[in-house]
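Reading the structure
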Amino acid sequence: MSVELMVWDEPVPISRDQARATYLAVKRTSPVDGDVPDVAKELPGEVTLYPGHVLVSMDLDTMDETSAQVFTVARAHGLVCYDPQRDLVHNVAPLGVYEGMQLHTGDGMVVNDPDLGLVHDVLATLSAQNPFVALVNFGRHFLQVSPGYELEYKEGTLIRTMVPELEEVQAAFNEYATGDRSFLSRHEWS
């Protein structure tokens, strides 16, 4: 079984719905032959060219590692990357304030310098198949959440709290990513 990602240029960040619609429209067209763009030469996996779009297919066994490489190459070239398996779009911006911050998910996704829209959307995928989401600034601090919305924050000492709604989790992750610690004063931590 194989999985795929699609990369292309967008002038501004797009929503998951827009990315999904673009992906589906492109998949209804025929691949093209011709000169291979530089970005396609850098992408791992099997590359198929469509007008203005590059489809990357990979084995399920190597999906996590290959996807991380595709996300990195796409970002370096300023391209959007759509993941149809997870129904997530990786935009170039806006980013958090911590260079080198990583997004980790319980289903194996790792993204360096994730855009804030991706972080927001990934949090809605918490489930038995994706048992945690974490934003990590290695050696400094992290914020993570598990289903049931147990937030854990560590900057020296690990503290925990339960949050009642996904929207509050998304707000806390956005604040953390942008250097704001307001979420710490809104909850009782232990």
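Coordinates for the structure precede this section.
Residues numbered from 1 in each chain as written. Predicted model: local features only at pLDDT ≥ 70, side-chain atom pairs only at ≥ 80, totals over all residues. Heavy atoms only, no water.

So, about the nonpolar core. Of all hydrophobic cores here, the largest spans 44 residues; its most connected members are Leu151 and Phe173. Ranked by residue count, the leading element in this core is helix 5 (residues 166–177), at six residues. When near neighbours in sequence (up to four residues on either side) are disregarded, Phe173 contacts Val119, Leu123, Val133, Ala134, Leu135, Leu143, Gln144, Val145 and Leu151. Counting residues in each nonpolar core, the second largest holds eleven residues, with Met6, Tyr23, Leu55 and Tyr82 among its members. (Core = buried A, V, L, I, M, F, W, Y, C linked by side-chain atoms within 4.5 Å. Buried < 20%, exposed > 50% of the residue type's maximum accessible area, 1.4 Å probe, protein only. Helix = DSSP H or I, 4+ residues; strand = E, 2+ residues; numbered from the N terminus. Contact = heavy atoms within 4.5 Å.)

We now examine unusual backbone geometry. With omega at 0°, the peptide bond leading from Ala93 into Pro94 counts as cis. Topologically, Pro94 is positioned in the loop between strand 5 (88–90) and strand 6 (102–105). With a phi close to 50°, Asp113 is a non-glycine residue in the positive phi region. The residue Asp113 is located in the loop between strand 7 (110–112) and helix 4 (116–123) in this model. Not every positive phi belongs to a glycine, and Tyr149 is a case in point at roughly 65°. Along the chain, the position of Tyr149 falls in the loop between strand 9 (141–146) and strand 10 (150–155).

Don't take any of this as a statement about function, it's just geometry.
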